[in-house]
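Overview (structure and organization)
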Amino acid sequence: MPDSGWKDFETLESYIAKEQRMHPHSRGVFSNLLRRIGVASKVVTSKVQKAGLVDVLGMQGTQNVQGETQAKLDVLANDIMKATFRWMPSIAGMASEEDDEMIPVARKTSVDDDDHYIILFDPLDGSSNIDANVSVGTIFSIHRAISDTKGLKSDEPCILGDFLQPGYKQEAAGYVIYGSSTMLVYTTGHGVHGFTLDPEIGEYILSHENIIIPDRCKCFSANEANYNKWDAPSKQFADYVRFGSEERYQKLSSRYIGSFVADFHRNLLYGGVFMYPADEATGKGKLRLLYECAPIAMLAEQAGGLASTGRERILDIQPSDLHERVPIIVGNRREVELYEKMVAEHDAAVEKEVRTRN
Ligand code: AHM
Ligand code: MG
């Protein structure tokens, strides 16, 4: 028989099923959630790809809770995500970067209390770039609902505490990047796996198994126009990697898209570091802890990297507000640790100065 040249491949479906078989007690609830993310992202992909063809470009005219004008596709992607998860028996609540409050989802009696999850998402991160055809993404984070479910009424299926959990408790996290191709990248705490959407068959195909950030610092990604607003250690770090003489940084390039998913995804594959430090005047970062930083931090750590505010590991932060913003540096472990060291030295010097003054 002549060889047909056919090569079997792993789809998101088969991969999830395989992972589920490795956990014999699993009831498949969680796997279904991941599958639904795949489905939702295909719908968003189709809308993003038609953005120039239908009347979805431009601003919606409304503002989200952060006071930013929402692009129409933000609103559409948010609706698609909510519609996808609202009916799922295992979902007790959702929270979206685009909505002020958490969204409780009525509990279904058919599901064990232990099988309730909450999902948080940024439906279309980087959407301010979309009119220029720049890559955008959907970021998601899944936690087990921790509230005493038996004590809650069906019209109170979750409480704020279910959402305000530190990142290290995430059950899964990931993103979908809508770029030259659509890719879904996720982790359940067992490595980072990437699937590329084959538009001809409409399936996600395993293209990047067990992604590990290469141990080289090829890319430095930050909005360098904000340099004068950064604090001293952030400036020191940026200067060190950009202009320093260390061999490791001789081939470094500045690479900044201004779309977190796209910037992180590139650095994950090529090696590098992304930072969005605090504005020194306000002490606040721009990116949101629950919708952006915590899920990306889980992926970074699973890929051998690190994510930090400079003073605290992102995954250790106890959130106090759904829409909390934090400073972040994420990427190669070596660079994040170098930044943390510079911050610690800076803080120690400031403390010493204060002590000698008093
Ligand atoms: P968004 O969630 O409103 O899209 O904002 C987040 C985006 C990130 O994707 C990106 O890293 C950052 O904002 C870029 O900010 P800036 O334009 O200040 O550089
Ligand atoms: Mg965002």
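Structure: see above.
Below you will find a few notes about this structure. Within each chain, residues carry numbers counting from 1 in the order of the written sequence. To read the labels, note that chains go from A and ligands from 1, taken in the order they are written. pLDDT decides what is reported in this predicted model: residues at 70 or higher carry local features, side-chain atom pairs at 80 or more are listed and counted, and totals for whole chains, interfaces and linings draw on all residues regardless. As a convention, hydrogens and water are excluded, and side-chain values are obtained from all of the structure's heavy atoms.

A few points about the coordination of the magnesium ion (ligand 2)
Convention followed: Ligating atoms shown are N, O and S within 2.8 Å of the metal, or 3.2 Å for Na, K and Ca, and water is not included, meaning a site may look less than complete. Segments assigned H or I by DSSP are reported as helices when at least four residues long, segments assigned E as strands when at least two residues long, and all are numbered from the N terminus. Think of it in three bands: residues with accessible area under 20% of the maximum for their type are buried, residues over 50% are exposed, and the middle band is partly exposed, with areas taken using a 1.4 Å probe on protein chains only.
Distances from the magnesium ion (ligand 2) to its protein donors, E97 (OE), D122 (OD), D125 (OD) and E292 (OE), fall at 1.9 to 2.7 Å. Ordering the donors of the magnesium ion (ligand 2) by residue number gives the pattern E-x24-D-x2-D-x166-E. Taken together, the positions of E97 in the loop between β3 (91–96) and β4 (103–104) and D122 in strand β5 (residues 117–125) put the pair 25 residues apart, joining distant regions of the chain. Accessibility classification places E97 together with D122 in one group, the buried group.

Some thoughts on the sheet that holds strand β14 (residues 306–308)
Note on sheets: strands pair through backbone hydrogen bonds, and any given pair is parallel or antiparallel. What counts here: Whether two strands pair depends on DSSP finding at least two bridges between them. Residue contacts are defined here by distance: any two heavy atoms, one from each residue, within 4.5 Å place the two residues in contact. Where helices are involved, their axes are fitted lines through C-alpha atoms of the stretch in contact, as for all axes, and angles between N-to-C directions lie from 0 to 180°.
Strand order in this open sheet of five strands is β12-β11-β13-β15-β14, and the pairing throughout is mixed. Each end of this open sheet is capped by a strand with a single partner; those strands are β12 (253–254) and β14. Two strands pair when backbone bridges link them, and strand β11 (residues 219–221) and strand β13 (residues 272–276) are joined in this way by three bridges, in the parallel orientation. Residue pairing in the sheet places S221 in a bridge with F274 of β13. Those strands touched by helix α6 (residues 260–270) are β11, β13 and β15 (328–331), and its axis lies near 160° from that of β11.

Describing the packing of aromatic side chains
Formally: Planes of paired rings set the category: under 30 degrees apart is stacked, over 60 is edge-to-face and the rest tilted, where pairs are Phe, Tyr or Trp rings (Trp by its six-membered ring) whose centres lie within 6.5 Å. Only lysine NZ and arginine CZ atoms are considered, and such an atom sits over a ring when it is within 6 Å of the ring centre and within 35 degrees of the ring normal.
Applying the stated rule across the entire model yields nine aromatic pairs. With a centroid separation of 5.4 Å and 70° between ring planes, the pair formed by Y15 and F195 is classed as edge-to-face. Of this pair, Y15 sits in helix α1 (residues 12–21) while F195 sits in strand β9 (residues 192–198), and the two are 180 residues apart along the sequence. On the basis of relative accessibility, which here comes to 5%, the residue Y15 falls in the buried class. The exposure class of F195 is buried, given its relative accessible area of 0%. Relative to F195, the ring of Y186 has its centre 5.9 Å away and its plane inclined at 10°; by these criteria the two rings are stacked. In this structure, Y186 and F195 share a single accessibility class: buried. Through a chain of ring-to-ring contacts, three or more aromatic side chains come together here, namely Y15, Y186 and F195. In this structure, K218 packs its charged tip against the face of Y270, placed 5.3 Å from the ring centre.

Structural notes on unusual backbone geometry
One non-glycine residue with positive phi stands out, namely N133, at about 65°. Looking at the secondary structure, you find N133 in the loop between β5 and β6 (136–144). Residue classification places N133 among the exposed positions, given a relative accessible area of 75%. Unusually for a residue other than glycine, N210 sits at a positive phi of about 50°.

Regarding the sheet that holds β4
Strand order in the open sheet formed by eight strands is β4-β3-β5-β6-β7-β8-β9-β10, and the pairing between neighbours is mixed. Strands at the two margins of the open sheet, each flanked by one partner only, are β4 and β10 (203–208). Bridge count for β5 against β6 is seven bridges, and the pairing is antiparallel. Residue pairing across strands places D125 opposite G137, the latter belonging to β6. Set on the sheet, α6 makes contact with β5, β6, β7 (172–178), β8 (182–187) and β10; between it and β7 the angle comes to about 100°.

With respect to the pattern of salt bridges
Pairs can form between side chains of opposite charge once their charged atoms are near each other. Keep this limit in mind: The salt bridge criterion pairs a side-chain nitrogen of Lys or Arg with a carboxyl oxygen of Asp or Glu, the two atoms within 4 Å.
Within the structure shown, the criterion is met by 19 salt bridges. Note that E171 and R144 form a salt bridge whose closest N and O atoms lie 3.5 Å from each other. With E171 in the loop between α4 (160–163) and β7 and R144 in strand β6, this residue pair connects regions lying 27 residues apart in the sequence. Overall, E171 belongs to the partly exposed group, its relative accessible area being 26%. Beyond isolated ion pairs, a larger network of salt bridges with shared partners links D215, R248, R334 and E335.

A few points about the packing of α1 against helix α2 (residues 29–49)
Put simply, the rule reads: To sort the angles, those under 35 degrees are grouped as roughly parallel, those over 145 as roughly antiparallel, those from 65 to 115 as roughly perpendicular, and the leftovers as oblique. Here a crossing is taken to be left-handed if its near helix is turned anticlockwise relative to the far helix by less than a right angle, and right-handed if that turn runs clockwise. Following the grouping adopted for this structure description, the nonpolar residues are Ala, Val, Leu, Ile, Met, Phe, Trp, Tyr, Cys and Pro, the charged ones are Asp, Glu, Lys and Arg, and the polar ones are all others, Gly among them.
Interhelical geometry of α1 versus α2 gives an angle of 165° and a closest axis separation of 10 Å. On the basis of the axis angle, α1 is roughly antiparallel to α2. Here α1 runs over α2; the crossing is right-handed. Mapping the contact onto sequence places L12, E13, I16, A17 and Q20 in α1 and S31, L34, R35 and G38 in α2. For the contact of α1 with α2, the class distribution of residues is four nonpolar, three polar and two charged.

Description of the pairing of β3
Counted residue by residue, β3 has six buried out of six residues, so it is predominantly covered. As paired strands, β3 and β5 are joined by five bridges and run parallel to one another. Bridge pairing in β5 places A95 opposite L120. Here β3 pairs with β4 via two bridges, running antiparallel. Bridged to M94 within β4 is I103.

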